[in-house]
Amino acid sequence: MIHATGLTPDAWRAIGASGTTVALAPTSDAQIGLESAVPAVDEALGAGLRPGLSIDVEVALAGDMFTQMRTLHAIQRMRAVAAVYGTAREPSRIGTLDVLDFATLQGARTNGLADVTGSLTVGKQADVLVIRAEDVNNMPLNDAVGTVVLGSDARNVDAVFVAGEVRKWDGRVLDVDLSALREEARASRDHVVAAAGRAELG
């Protein structure tokens, strides 16, 4: 299931009992306002599920997993604190390791790819991101997981390996004609705008 916002407790019990996987789209849920507009991380965890993270509507929202991790981390912790505000109870907050797990291993699992990718495990496909920990926005490195989830963004990704093949190196995407890609993106936008009957964007 994707989004899974606004579901009843009975629905969550059924989802948990069936072993159905759930992928949350934190920025889409919150900004576009799907059902309750709140990513259902607490509901999923309460049903015994560890959700994956997904990205939705990249033409209007951030298209990187760093943003999804930070958004979910902030919203869940806000909900946890609000739920016990004014009481002596401790909030039940997720941590950065939870969110990184949702973005990696659980993301792979929700797509049926847990045996292929999602973790650095012998026998799995070699999909690796190398993140610069000493960039200005990350230094000094204290906690690697916290740095990835709370400090990093796409500019810090120095190298990417997909199935062991180098796809990005020294901060540059390889084997992609970026100029041609930009032209294709502009042409696609202009086509959509024209088809919708609006004046061409400058």
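These remarks concern the structure in this document. (Residues numbered from 1 in each chain as written. Predicted model: local features only at pLDDT ≥ 70, side-chain atom pairs only at ≥ 80, totals over all residues. Heavy atoms only, no water.)

1. Section: the sheet that holds strand β5 (residues 165-169)
Piece 1. Pairing in this open sheet of four strands is antiparallel, and the strands run β3-β4-β5-β6 from one edge to the other. Where the open sheet ends on each side, the last strands, each with one partner, are β3 (128-131) and β6 (172-173).
Piece 2. Sheet topology note: the β3/strand β4 (residues 157-162) ladder contains four bridges and is antiparallel. Residue pairing in the sheet places Val 130 in a bridge with Ala 159 of β4. (Pairing = 2+ DSSP bridges. Helix = DSSP H or I, 4+ residues; strand = E, 2+ residues; numbered from the N terminus.)

2. Focus: the packing of helix α5 (residues 96-103) against helix α7 (residues 144-151)
Piece 1. Contact pair α5 / α7: the axes reach a minimum separation of 9 Å and the direction vectors enclose 70 degrees. When the axis of α5 is compared with that of α7, the two are roughly perpendicular. Handedness of the α5/α7 crossing: left-handed. Seen from α5, the contacting residues are Thr 96, Leu 97, Val 99 and Leu 100; seen from α7, they are Val 145, Gly 146, Val 148, Val 149 and Leu 150.
Piece 2. Partitioned by chemical class, the residues of the contact of α5 with α7 number seven nonpolar, two polar and no charged. (Axes fitted to C-alpha atoms, helices over the stretch in contact; angles between N-to-C directions. Parallel < 35°, antiparallel > 145°, perpendicular 65-115°, else oblique. Left-handed = near helix turned anticlockwise from the far one by under 90°. Contact = heavy atoms within 4.5 Å. Nonpolar A, V, L, I, M, F, W, Y, C, P; charged D, E, K, R; others polar.)

3. Points about the pattern of salt bridges
Piece 1. Evaluation of the coordinates by the stated rule reveals 10 salt bridges.
Piece 2. Note that Asp 101 is salt-bridged to Arg 50, the shortest N-O span being 2.9 Å. Residue Asp 101 is found in helix α5, and its partner Arg 50 is found in the loop between α3 (41-46) and β2 (52-53); the two are separated by 51 residues along the sequence.
Piece 3. Assessed through its relative accessible area of 31%, Arg 50 is described here as partly exposed.
Piece 4. Of the charged contacts in the structure, one is a salt bridge between Arg 132 and Asp 158, with a shortest N-O distance of 2.9 Å. Of this pair, Arg 132 sits in the loop between β3 and α7 while Asp 158 sits in strand β4; the two residues are 26 residues apart in sequence, bridging distant segments of the chain.
Piece 5. What makes Arg 132 partly exposed here is its relative accessible area of 26%.
Piece 6. In the salt-bridge network here, residues are joined through shared partners; they are Asp 42, Glu 43 and Arg 79. (Salt bridge = Lys/Arg side-chain N within 4 Å of Asp/Glu carboxyl O. Buried < 20%, exposed > 50% of the residue type's maximum accessible area, 1.4 Å probe, protein only.)

4. Observations regarding the environment of Ala 194
Piece 1. In this fold, Ala 194 is placed in helix α8 (residues 178-195).
Piece 2. The class for Ala 194 is exposed, based on a relative accessible area of 53%.
Piece 3. Separated by 77 residues in sequence, Ala 194 and Thr 117 place their C-alpha atoms 40 Å apart.

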